[in-house]
Structure formats: C-alpha cells, structure tokens
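Results of the structural survey
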Amino acid sequence: MGERFEWVNDSSRGEWLRAVESEPWGSLCSIVPGGFPAYARVFHPAERDRPHATGTWHGVNEATLHNHADQFDSLLETQRTSWEHVAASFGTTMHAEAQYARLVRRNPGRTDGVVAPDGWRYNDPLEGSLDIASLSLTAGVLGRHTTTPKNGIAAIWEGWGGLLTSSGFSSWGFGAKGSSIRNFFGQGRKGSGILPRDIAAGPRFGLHADAGRSYILFEAGACDFIDKQWPSVAPWAHNGSWDQTPSLLWPDDHAWVLATEIDHNFTLIAGSTAMVSELKQTPGLEVHAIDSGSNLTWDGDMVNDGFNTVERKTQ
C-alpha cells in the first residue's frame with residue numbers, strides 16, 4: 001500500500017461499504033454496515049465550566065467576569081466531561097440511544113452554554129469530529145482487532161471549509177502585543193484550499209452522495225492515529241487550528257469500520273464483540289454497546305416534562 005496519508009485516487013477502495021445506501025437514511029446501518037457481530041457508540045466529550053469563586057453560575061453576572069478579560073480563564077474551573085455526568089447534572093438518564101439535547105432538557109440547536117441545576121455550564125460536544133485524545137485511545141484498541149493495523153483508508157468529507165477551496169474557514173490568534181489577528185478566507189476556486197489542486201479536482205468516494213456525503217480517501221491505518229501529533233503531517237489538517245478527524249476509517253482487512261457522521265456528536269464503530277468490549281473498558285472513553293436496529297433519531301422515546309423533554313431509557 002501507499003505511504004502514510006498519501007492521497008488515494010481509487011474510489012473502489014470504499015465499495016465494500018455500499019450496502020449502507022439500501023438502509024433508511026439516518027438509521028445506524030445507513031452509517032456503518034450491518035452484518036457485524038457488534039456495534040459501539042463512542043460519545044464525544046462535552047466541556048463544562050463554573051466560576052471558581054462561587055462554584056456555580058447561578059446568581060453570577062457573566063458580564064462582571066468579562067470585565068477581568070485578562071484573567072477570565074483563570075476565574076473558571078473547566079473540565080472535559082462525559083454524557084453520564086451531563087445526565088447526572090440535569091437529572092436525566094444516560095443510555096446507549098441517548099440524545100444530548102434531551103439529556104440537557106433542551107431542543108436541538110438550543111443546547112450550547114446551558115446551565116444545569118447544579119451550577120455547571122455545559123458546552124456542546126464536537127459534531128462531525130472525534131477529539132484527538134479520544135481518537136488516540138480508540139485507535140489503540142482498533143489496531144489490536146485487525147490483521148492490517150498499519151494499512152487502511154481514512155475518508156475525509158469534502159465539504160469541510162477551507163479544504164478544497166479557500167472559502168468557509170477562518171483562523172485567529174494574537175500578535176506579539178496582544179492585538180487580535182483574524183484571517184477570513186473568502187470565495188476561492190477549487191484548489192485554493194489546503195489540499196493541492198490535483199486532490200481537489202480528483203475522484204471522490206460517495207456514500208449517500210445525493211445527501212452530500214462524498215469523501216476524499218487517504219492511506220491510513222489505525223496505528224497512524226495513536227500518536228496525537230498526526231495532524232502535523234495529515235494533508236487535510238489546518239496546522240493545529242482545526243484538527244479534523246476522519247469521517248470514515250477502516251483497515252484493509254475490513255475487520256471494522258469507524259464512522260463519524262458530519263452532523264453527529266458521537267462516533268459509531270462496527271466490529272467484533274471483543275473489540276466493542278475492549279472499547280467499553282478503555283479509561284478515558286465513554287462507550288456503549290448498541291444494537292444495529294437502535295433508534296438514533298430525535299423521534300425516539302420521550303416523556304413530557306412541562307416546557308422541556310426528559311430523556312428516558314427505552315424499554
């Protein structure tokens with residue numbers, strides 16, 4: 001096979017996944033193929049914070065804290081946390097089919113920055129990308145459950161801003177004297193993004209392509225993602241300012257497949273029962289085994305709780 005993260009212009013490498021297109025869009029088996037012995041749902045971590053001084057956001061005027069912008073971060077206790085802790089804060093129930101919005105008693109699109117009864121403020125988990133630390137831990141497990149841990153495919157959704165053209169991506173930082181520096185990419189021709197023109201104009205692998213799911217393929221094995229420095233050499237990464245993880249990842253022996261759908265705040269993995277069991281037991285990951293027929297849509301089981309809705313476990 002090719003070199004690490006080398007562009008693959010042979011879209012047939014993904015044809016083995018074509019069966020997902022016969023499943024209802026949005027179902028678990030429309031994201032990862034059916035027929036595997038076991039399935040795992042990896043929940044992307046949430047971020048939470050609260051003021052050190054009070055231990056709660058209740059009764060605190062955030063504008064007052066912002067008056068001390070030079071030390072704002074030091075005024076807050078921040079944590080990366082699990083959906084289990086989110087549920088505990090809001091008095092809801094975590095389970096394999098949980099929806100984040102329900103856990104925080106909100107409607108979709110209204111969940112970022114919501115304050116729990118216990119005073120923690122929660123920021124949304126990443127959508128469409130697994131954080132680097134979680135991918136490292138996951139890759140370590142996946143590499144032990146394939147005969148080709150160094151060889152496979154990483155598929156990157158072509159629609160991420162700044163990837164094919166210079167549109168849709170911005171970066172910012174601070175100059176030597178503390179002045180803000182912003183760089184907004186405007187509209188650009190194909191090939192003006194971070195990927196070279198031949199890749200930008202090259203063939204795509206499409207799954208549910210009518211839904212805009214077309215991917216650029218690169219050589220990659222599970223082992224390539226154990227080292228957290230992989231974005232420094234991945235051609236699709238924005239030099240540390242945006243470390244997009246693969247939308248799809250699979251080994252050459254097709255022992256498993258990992259999928260992070262662009263609109264999901266979780267990652268699905270299909271593979272062996274032993275692999276799912278090991279993922280569930282890996283410290284630092286929040287993983288539930290999930291049935292291939294599980295409901296992952298907003299129309300799942302719910303009970304009314306006045307203005308909001310409360311997640312409960314499907315019987």
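The text that follows walks through the structure, step by step, so that each part is easy to find. (Residues numbered from 1 in each chain as written. Predicted model: local features only at pLDDT ≥ 70, side-chain atom pairs only at ≥ 80, totals over all residues. Heavy atoms only, no water.)

The subject of this paragraph is the overall build of the protein. On a plain count of helices and strands, the protein comes out with 6 helices and 17 strands. Each of the 315 residues in the protein was classed as buried or not, and the buried ones make up 49%. Put simply, 71% of the contacts in the protein that link residues at least 6 apart link residues at least 24 apart. When the accessible area of the protein is evaluated, it comes to approximately 14,800 Å², of which 49% is carbon and sulfur surface. (Helix = DSSP H or I, 4+ residues; strand = E, 2+ residues; numbered from the N terminus. Buried < 20%, exposed > 50% of the residue type's maximum accessible area, 1.4 Å probe, protein only. Contact = heavy atoms within 4.5 Å. Areas by Shrake-Rupley, 256 points an atom, 1.4 Å probe, with all protein chains shown as cover.)

Burial in helix α6 (residues 273-280) covers these residues: Met-275, Val-276 and Leu-279. Down the axis of α6, the smallest arc covering the buried residues is 95°, so these residues share one side. Contact partners of the buried residues in α6: β2 (38-43), α4 (132-142), β14 (266-271) and β15 (287-289). (Arc of directions from axis to C-beta.)

Here we come to the side chain of Ser-247. With respect to the element layout, Ser-247 can be found in the loop between β11 (214-219) and β12 (248-251). Since its relative accessible area comes to 3%, Ser-247 is described here as buried. A polar contact is formed between the side chain of Ser-247 and the backbone nitrogen of Trp-157, at a distance of 3.2 Å. Those residues within four positions of Ser-247 in sequence are excluded, and the remaining contacts are Ala-155, Ile-156, Trp-157, Trp-160, Tyr-215, Leu-258, Ala-259 and Thr-260. (Polar contact = N/O pair within 3.5 Å; in protein donor to acceptor, adjacent residues only side chain to side chain.)

Turning to the pairing of strand β7 (residues 152-157), a few remarks are in order. Of all 6 residues that make up β7, 6 are buried, and the element is covered over most of its length. On β7, burial covers both faces: Gly-152, Ala-154 and Ile-156 on one face and Ile-153, Ala-155 and Trp-157 on the other are all buried. Direction of pairing for β7 relative to β12: antiparallel, over a ladder of 4 bridges. Opposite Ala-154, over in β12, you have Leu-249 as the bridge partner. (Pairing = 2+ DSSP bridges.)

All right, on to the sheet that holds strand β4 (residues 76-81) then. If you trace the 4 strands from one edge of the open sheet to the other, you get β4-β3-β6-β5, paired in antiparallel fashion. The sheet terminates laterally at β4 and β5 (114-115), the two strands that pair on one side only. Its contacts with the sheet place helix α2 (residues 83-90) against β3 (46-51), β4, β5 and β6 (121-123), and it is angled at close to 145° to β6. (Axes fitted to C-alpha atoms, helices over the stretch in contact; angles between N-to-C directions.)

All right, on to empty space enclosed by the protein then. Counting across every chain of the model gives 3 cavities of 30 Å³ or more. Considered as a void within the structure, the largest cavity measures approximately 100 Å³ in volume. In this structure, the largest cavity is lined by 13 residues; those nearest its centre are Ser-30, Ile-31, Tyr-215, Leu-248 and Glu-261. The residue inventory of the lining of the largest cavity, partitioned by class, reads 7 nonpolar, 4 polar and 2 charged. (1 Å grid on protein atoms, 1.4 Å probe; cavity = no way out; pocket = protein on both sides within 12 Å on 5 of 7 lines; lining within 4 Å. Points joined across faces, edges and corners; volume = space filled by probe spheres on them. Nonpolar A, V, L, I, M, F, W, Y, C, P; charged D, E, K, R; others polar.)

Turning our eyes to something else, we now look at the packing of α4 against α6. Closest axis-to-axis distance for the α4/α6 pair is 10 Å, and the angle between their directions is 145°. As α4 packs across α6, the resulting crossing turns out to be right-handed. Within the contact between the two elements, α4 uses Thr-138, Val-141 and Leu-142 and α6 uses Met-275, Glu-278 and Leu-279. Looking at the contact of α4 with α6, its residues break down into 4 nonpolar, 1 polar and 1 charged. (Left-handed = near helix turned anticlockwise from the far one by under 90°.)

Let's shift gears to the layout of surface pockets. As a volume, the largest pocket reaches approximately 470 Å³. Every residue lining the largest pocket is counted, 20 residues in all, and those nearest its centre are Gln-99, Glu-127, Asp-263, His-264 and Leu-296. Split by residue class, the lining of the largest pocket holds 9 nonpolar, 7 polar and 4 charged. Space inside the second largest pocket adds up to approximately 240 Å³. Around the second largest pocket, the lining is made up of 14 residues, and of these Leu-126, Ser-129, Leu-130, Asp-131 and Ile-132 lie nearest the centre. Classifying every residue of the lining of the second largest pocket by side-chain character gives 6 nonpolar, 3 polar and 5 charged.

Attention now goes to the nonpolar core. Within the largest apolar cluster, 63 residues are counted, with the highest numbers of intra-cluster contacts made by Phe-225 and Trp-236. In this structure Trp-236 touches Phe-5, Ala-154, Ile-156, Leu-163, Ile-194, Leu-195, Phe-218, Phe-225, Trp-230, Gln-244 and Pro-246, once residues within four positions along its chain are discounted. Within the second largest apolar cluster, 15 residues are counted, among which are Trp-83, Val-86, Phe-90 and Val-114. (Core = buried A, V, L, I, M, F, W, Y, C linked by side-chain atoms within 4.5 Å.)

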